[in-house]
Amino acid sequence: MSILVTGGTGYIGSHTVVELLNKGYDVVIVDNLCNSKLEVLNRIFKITGKTPRFYKVDVRYEEELRPIFEKEKITDIIHFAGLKSVGESVKFPELYEENNVGSSKVLLKLMSEFKVHNLVFSSSATVYGVPKHVPLMEDDPVGGCTNPYGQTKLDIEYLLKDYAKEHKDANIAILRYFNPIGAHQSGLIGEDPQGIPNNLMPYITQVAVGKREFLNVWGNDYHTIDGTGVRDYIHVLDLADGHLAALRKLAEKPGLVIYNLGTGRGTSVLELVAAFEKASGVKIKYVIGPRRSGDVDENYADVTKAKREMNWESKYNIEDACRDSWRWQKNNPNGYDE
Ligand code: NAD
Ligand code: UDP
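Keep in mind that what you see is a predicted model, and the values were worked out from it rather than measured.

*Asks:* Can you help me understand the sheet that holds strand β9 (residues 230-231) in this one?
*Replies:* Whether parallel or antiparallel, the strands of a sheet pair through hydrogen bonds between backbone atoms. The mixed open sheet is built from three strands, whose spatial order is β12-β9-β14. Edge strands, defined here as strands with exactly one partner in the open sheet, are β12 (267-268) and β14 (298-299). Alignment of β9 against β14, held across two bridges, turns out to be parallel. Residue R231 lies in a different strand from β14, and its bridge partner there is N299.

See below:
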């Protein structure tokens, strides 16, 4: 009775593993460490007093993953492993296809062979493309992805739908995350981007800790409350909890289900900056720049389906998330590289 967590040493994976261990699940992680560090395992032990079994495995390669299915008694899988940089995906679309879609195909092949029925998949709000309206609902049209990364998430969703049609005993939860931010309250694990952060929150925390001079605000002429882009920022601990809710849902044998994981509330860039300043007491210098290509005005979730069907909803607000992101960054100015 083990949960296989692919990409379990990554940002969202590590927080989910902590929640799983705290709830008494037996956890097996596979990760090729292309975007995470082994130090994460020590931190997980410091928080939970437990160490999940870890295998350095590239999920793309069946010969690496197969022994894990042979050795472990896997009942459920949470599939986080994947590359996630939008900019990098534009430069290397084949790599994104091979890594994200390729590894999902290998995973499904072994799932089928070893009769593992339950899978939770990390999808993204990016599958909705340019929203025609907000809040976004699960049955809104998908497609028109603005970058190859988003396209891989959509391709995997289609792959999972085909798989569920062919495997009547499969239970699959596709979770479409909105914008994960925050960190564990211990300050021991958090987001550790390599190089210059693309995403807003790690950029803000790096300005706060003195690693970057100022924040570029990408555009202030959007049709939003203050002209800056509006997103649905969700605390990573709420997201982690959403995966446990999904596992409970899969135990009811629902077949394939899709849920948005967000807060249902939109926050602008300047509102997030203000919330961060309030939570940290640190002033964030920013400069208004041009729009970033591919960005949309507003993007936030309708979260009623997850509440209705999984009894899950977010608990933390933006200030909580800012406080926790800041604690992580302040305690670990260089991430896991001390
Ligand atoms: P992350 O990069 O921190 O974690 C992903 C992990 O997967 C890393 O530890 C990496 O080493 C591992 N990995 C990548 N390719 C692998 C492979 N072929 N074999 C084995 N391990 C591999 O990213 P995250 O923010 O924790 O995201 C987790 C998942 O959630 C990803 O699939 C991502 O696309 C998805 N997602 C993330 C966000 C976000 O903003 N963070 C939003 C929506 C969806
Ligand atoms: N953003 C910004 N400066 C940055 C990074 C992001 O102004 O350095 C804005 C971006 O234009 C968007 C919001 O912050 O409106 C969230 O961007 P992020 O890349 O974090 O997430 P996205 O929703 O684009 O995936």
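Now that the structure is up, let's keep going.
*Asks:* Would you mind going over the layout of surface pockets with me for this structure?
*Replies:* In this structure, the second largest pocket occupies an estimated 370 Å³ of space. Lining the second largest pocket are 23 residues, and of these M1, I74, T75, D76 and N118 lie nearest its centre. Only β1 (2-6), β4 (74-79) and α8 (236-250) provide two or more residues apiece to the lining of the second largest pocket. Of the residues that constitute the lining of the second largest pocket, the class distribution is 10 nonpolar, five polar and eight charged.

*Asks:* Would you mind showing me how to read the side chain of S122 here?
*Replies:* Among the secondary structure elements, S122 is positioned in strand β5 (residues 118-124). Looking at S122, its side chain comes within polar contact range of the main-chain oxygen of H79, at 3.4 Å. Apart from the residues lying within four places of it in its own chain, the contact partners of S122 are H79, F80, K153, L175 and Y177.

*Asks:* Please explain the pairing of strand β6 (residues 171-177) as it appears in this structure.
*Replies:* The side chains of a regular strand alternate between both faces of the sheet. The element β6 is extensively covered by neighbouring structure, given that seven of its seven residues are classed as buried. Of the two faces of β6, the one holding N171, A173, L175 and Y177 and the one holding I172, I174 and R176 are both buried throughout. As paired elements, β5 and β6 share seven bridges and run parallel to each other. Residue pairing for β6: F121 is matched across the bridge by I174. What joins β5 to β6 is helix α6 (residues 148-166), and the crossover it makes is right-handed.

*Asks:* Can you help me understand the sheet that holds strand β3 (residues 53-56) in this one?
*Replies:* On the basis of which strands lie adjacent, the open sheet formed by seven strands has the order β3-β2-β1-β4-β5-β6-β11 and parallel pairing. The sheet is open, and its two borders are formed by β3 and β11 (256-261), each paired with just one other strand. Going across the sheet, the axis of each strand differs from the next one's by a mean of 20°, ignoring polarity. Direction of pairing for β4 relative to β5: parallel, over a ladder of four bridges.

*Asks:* What exactly am I supposed to notice about the packing of helix α9 (residues 269-280) against helix α11 (residues 318-331) here?
*Replies:* Geometry of a packed helix pair, given as the angle between the helix axes and the separation of the axes. Taken N-terminus to C-terminus, the directions of α9 and α11 make an angle of 60°; their axes are 8 Å apart at the nearest point. With respect to α11, the axis of α9 lies oblique. At the point where α9 passes α11, the crossing takes the right-handed sense. Seen from α9, the contacting residues are L272, A275, F276, A279 and S280; seen from α11, they are I318, E319, C322, R323 and W326. Here the residues of the contact of α9 with α11 sort into seven nonpolar, one polar and two charged.

Conventions used here
Residues numbered from 1 in each chain as written. Chains lettered and ligands numbered in written order. Predicted model: local features only at pLDDT ≥ 70, side-chain atom pairs only at ≥ 80, totals over all residues. Heavy atoms only, no water. Pairing = 2+ DSSP bridges. Helix = DSSP H or I, 4+ residues; strand = E, 2+ residues; numbered from the N terminus. 1 Å grid on protein atoms, 1.4 Å probe; cavity = no way out; pocket = protein on both sides within 12 Å on 5 of 7 lines; lining within 4 Å. Points joined across faces, edges and corners; volume = space filled by probe spheres on them. Nonpolar A, V, L, I, M, F, W, Y, C, P; charged D, E, K, R; others polar. Polar contact = N/O pair within 3.5 Å; in protein donor to acceptor, adjacent residues only side chain to side chain. Contact = heavy atoms within 4.5 Å. Buried < 20%, exposed > 50% of the residue type's maximum accessible area, 1.4 Å probe, protein only. Right-handed = clockwise from strand over helix to strand, strands pointing away. Axes fitted to C-alpha atoms, helices over the stretch in contact; angles between N-to-C directions. Parallel < 35°, antiparallel > 145°, perpendicular 65-115°, else oblique. Left-handed = near helix turned anticlockwise from the far one by under 90°.

Without other data, these values stay purely geometric and don't point to any function.
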